[in-house]
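# Analysis of the macromolecular model
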Amino acid sequence: MGYFVEQIIFGLTVGSIYALIALGYTMVYGVMKLINFAHGELFALGAFVGFFFLVTLDWGGVFGPALAIGFTVVFVAGATALAGHILERVAYRPLRHSDRLAAVVSALGASIFLQNVIMTVWGAQYRAYNADILPKVVWTVAGQSVSLIRLFVFLTAVAIMAGLYLFINHSRLGLAIRAAAIDQGAAKLMGVDVRRVIAVVFLIGPALGGLAGLLVGVYYGQINFNMGQLYGLKAFTAAVIGGIGNIPGAMIGGLLLGLLETLGDAYVSGAWKDAIAFVALILILVFRPTGILSERVAEKL
Amino acid sequence: MRLGRLKLARSVEILGTGLFLALPFILSALNVRSSPYILDLLSMVGLYALLSLSLNVILGLAGMFHMGHAAFFAVGAYVTANLNLTYGWSILATLPAAALGAGLLALAVAIPVIRLRGDYLLIVTIGIVEIVKIALTNDVFGLTGGPNGLIGIARPMVFGYRVARPVDFFYLIWIMVAFSALLFHWLENSRFGRALKYIKEDAVAAEGMGVDATAYKLMAFVIGAAWAGMAGTIFAAKMRTISPESFTFGESVVMFTIVILGGSGNQKGVVLGSFLVMGLPELFRDFQDLRLLAYGAALVAMMIFRPQGLWPPKPTQYRLPPPYDEKYPAGGSG
């Protein structure tokens, strides 16, 4: 039983990271109907920007752990949001009215470009985060050990998502985003500035993805220039599981995928762990292409 | 006048092809030291031309966003390797088996997903190529040798002649490219090809005219995959060692971009694309890291400024019977 609970905790931790990345995919897809292939690379960029502040500049040693993490979160979010904004300006905005295929290929090109920028700047080898950013504290709750780092990752992700949820559901801009996601044309007629919505989505999505990258660095302790590819594909799967374009769906899809993967790893086969996400993806698309929360059409504003 | 230009283009084409085929002789006559390297490179260009021509049937003609072509390429290569290593089949005899293996896998995965809309299909095919790669790495059914792959695949024998040198592969591969291009050209202009074009332009209208879109798309998918399987055979024989690294998502992306950059739907464009994507980076070997960077940037720029590719297909033209022309002169509103 203890083993099972432990797997659940693992799963939720990894899942919360998937969920953060998936949000970026789902928001962009909702508004632009575009699979942002470069999103995985923005996530990796976040991990490396975090690496720069926490390891290269050693902010942990300068400010102490709490402040260092706080500052890094702000800077990572800012840097990746900026990168996302530039990406949208350069690679996607000129293609808004062209063929879908052209946008997809442009996204692929941007992804290859960004991946190689990261490799050129930081090199192709694995980079290690310093292990002592967060003190190694482990609590025992009801016979179950819970480490600070896992709790930190999970709670940070949940806090960010809660903030996003409030923003989307209780602000005018959030309303505009939801409206543009449901029907861009109608939203425009109602006075929604769709260009601005797209610009905002390309600030928030990349920032969330970048923060997920930072969390991966802190949690696993090592990062690599092409980490964005696998995480990106899995997070996209999570978004599809939740119903692409659906913001709460992406959160649930991420957690679900994390659980599925961890349990599959623990009880079925470790070697096939990475295949689980893709099999899930295919099954979902075949049997329930709208995702598990397929209520989006009937959503009330 | 127009006929003259047409003739000129034709003769340039024939001359170019002739020169290309005579290249090994020219290189050896000039005593070019790096000629094995050049021929090897051109063989790789040819192999990717073969793969991209087969992808063109799926992506260019039928308009399906398929980004998992490396999966079928892999199946072909592994079928060949197994039949050769375990049962001692000669390489060329495994060609049909490789085609069959890849075609069957394509059929199995395509039946459930063929109806999916554009970008969903794209993501599913990425999923397929990832699953295949994981399966290869995990030594599925004990047939793939795990991460190290399979080694010691034999050379192909053509009428008792052992194909081993770079020159031999150069000819073997480019003859296959020419043969495939002819076959696909014929396919494109057949009833089947017309149906695919119709589906690509407007699937609903095609269905309305009685074209079974799903069946045709499925056929195109299987044909393209089978061809990629045969390219896998050649790849296995050329490399003699195959491992999962050669069949990644990245390889699929390369094939996909060759078709798009060259000119989706035009075979000449696709071959041109293979030269550019596979050949051009080799000229800039000294800038290893920056090559891919430039490649990514080029893709974005290309989609913004010339999304139809470098050499897109000409729109199909039909000559109307003369009475119609006389009745309604060109430019008239009819």
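Okay, so let's go over this structure. These numbers come from a predicted model, not from an experiment.

Here the focus is the overall build of chain A. Helices and strands together make up the secondary structure of chain A, namely twelve helices and four strands. The C-alpha radius of gyration of chain A comes to 19 Å, within 12% of the 19 Å expected for a compact globule of 301 residues. Across its three principal axes, chain A shows a C-alpha extent of roughly 55 × 45 × 35 Å. Evaluated residue by residue, chain A yields a buried proportion of 54% over its 301 residues. Within chain A, counting contacts between residues at least 6 apart in sequence, those at least 24 apart form 78% of the total. Per element, the accessible surface of chain A, about 12400 Å² overall, is 68% carbon and sulfur. When the 18 positive and 13 negative side-chain charges of chain A are each reduced to one mean point, those points stand 9 Å apart.

Counting its secondary structure elements, chain B contains 13 helices and four strands. Its C-alpha atoms give chain B a radius of gyration of 21 Å, near enough to 20 Å, the size a compact globule of 334 residues would have. By principal-axis analysis of the C-alpha atoms, chain B measures approximately 70 × 55 × 45 Å. A total accessible area of about 16700 Å² is found for chain B, and carbon and sulfur atoms account for 67% of it. Across chain B, the mean location of the 25 positive side-chain charges is 8 Å away from that of the 18 negative side-chain charges.

Turning our eyes to something else, we now look at the packing of aromatic side chains. Residues and elements named next belong to chain A. Scanning the entire structure with this criterion turns up 29 aromatic pairs over all chains. Aromatic side chains F4 and Y267 sit 6.5 Å apart centroid to centroid with 45 degrees between the ring planes, which places their arrangement in the tilted category. Remark: Y267 occurs in helix α11 (residues 247-267) and F4 occurs in helix α1 (residues 2-32); sequence separation between them is 263 residues. Relative to Y231, the ring of F43 has its centre 4.9 Å away and its plane inclined at 40 degrees; by these criteria the two rings are tilted.

Our focus in this paragraph is the side chain of T262 of chain A. Residue and element names in this part refer to chain A. Of note, T262 is situated in helix α11. Residue class for T262 comes out buried when judged on its relative accessible area of 10%. A distance of 2.5 Å separates the side chain of T262 from the backbone oxygen of G258, its partner in a polar contact.

Let's shift gears to unusual backbone geometry. The backbone of D58 of chain A sits at a positive phi, close to 50 degrees, despite the residue not being glycine. Looking at the secondary structure, you find D58 of chain A in the loop between α2 (39-56) and α3 (59-63). Even without a glycine there, the phi angle at D139 of chain B is positive, about 55 degrees. Within the secondary structure, D139 of chain B sits in the loop between α5 (118-137) and β1 (150-151). Classification of D139 of chain B by relative accessible area gives partly exposed; the value is 31%.

Attention shifts here to the interface of chain A and chain B. Accessible area lost when the parts come together is the quantity often used to give the size of an interface. Between chain A and chain B, the residue contacts involve 38 residues of the former and 36 residues of the latter. Across the interface of chain A and chain B, roughly 3300 Å² is buried in total on both sides, 83% from carbon and sulfur atoms. Linking chain A to chain B there are zero salt bridges. The interface formed by chain A and chain B holds one residue pair in polar contact (both at pLDDT 80 or more) in total. If you list the elements that add at least two residues to the side of chain A that touches chain B, you get α4 (65-92), α5 (100-122), α10 (227-242) and α12 (273-287) of chain A. No other element matches the 15 residues that α5 of chain A contributes to the side of chain A that touches chain B. For the side of chain A that touches chain B, the class distribution of residues is 30 nonpolar, five polar and three charged.

Note that T94 of chain B resides in the loop between α3 (69-87) and α4 (95-113). Excluding anything up to four places from it in sequence, T94 of chain B contacts T80, L83, W89 and T233 of chain B.

Right, let's get into a nonpolar patch on the surface. Residue and element names in this part refer to chain B. Together, L272, L276, L280, L283, F284, F287, L290, L310 and W311 give the surface a local cluster of nonpolar side chains, amounting to about 820 Å² of exposed area. As for its position among the elements, W311 is in the loop between α12 (288-305) and α13 (322-327). On the basis of relative accessibility, which here comes to 39%, the residue W311 falls in the partly exposed class.

Another point: the pairing of strand β2 (residues 138-141) of chain A. In summary, the side chains of a regular strand alternate between the two faces of the sheet. Residues and elements named next belong to chain A. Alignment of β2 against strand β3 (residues 144-147), held across four bridges, turns out to be antiparallel. By the bridge assignment for β3, W139 is matched with V146. Remark: two residues form the turn of the hairpin made by β2 and β3, two consecutive strands paired antiparallel; A142 in that turn has positive phi of roughly 50 degrees.

Next up on the list: the environment of G279 of chain B. Residues and elements named next belong to chain B. Mapped onto the fold, G279 is located in helix α11 (residues 267-283). Residue G279 is classed as buried on the basis of its relative accessible area of 13%. Excluding residues that lie within four positions of it along the chain, G279 makes contacts with V45 and S274.

Cut-off values and rules
Residues numbered from 1 in each chain as written. Chains lettered and ligands numbered in written order. Predicted model: local features only at pLDDT ≥ 70, side-chain atom pairs only at ≥ 80, totals over all residues. Heavy atoms only, no water. Helix = DSSP H or I, 4+ residues; strand = E, 2+ residues; numbered from the N terminus. Rg over C-alpha atoms; globule rule 2.2 N^0.38 Å. Buried < 20%, exposed > 50% of the residue type's maximum accessible area, 1.4 Å probe, protein only. Contact = heavy atoms within 4.5 Å. Areas by Shrake-Rupley, 256 points an atom, 1.4 Å probe, with all protein chains shown as cover. Lys, Arg positive; Asp, Glu negative; His and termini not counted. Charge placed at Lys NZ, Arg CZ, Asp CG, Glu CD. Phe/Tyr/Trp six-rings, centres within 6.5 Å; stacked < 30°, edge-to-face > 60°. Polar contact = N/O pair within 3.5 Å; in protein donor to acceptor, adjacent residues only side chain to side chain. Buried area = accessible area lost by both parts, 1.4 Å probe. Salt bridge = Lys/Arg side-chain N within 4 Å of Asp/Glu carboxyl O. Nonpolar A, V, L, I, M, F, W, Y, C, P; charged D, E, K, R; others polar. Patch = residues over 30% accessible without salt bridge, like charges linked within 9 Å, V, L, I, M, F, W, Y side chains within 5 Å. Pairing = 2+ DSSP bridges.

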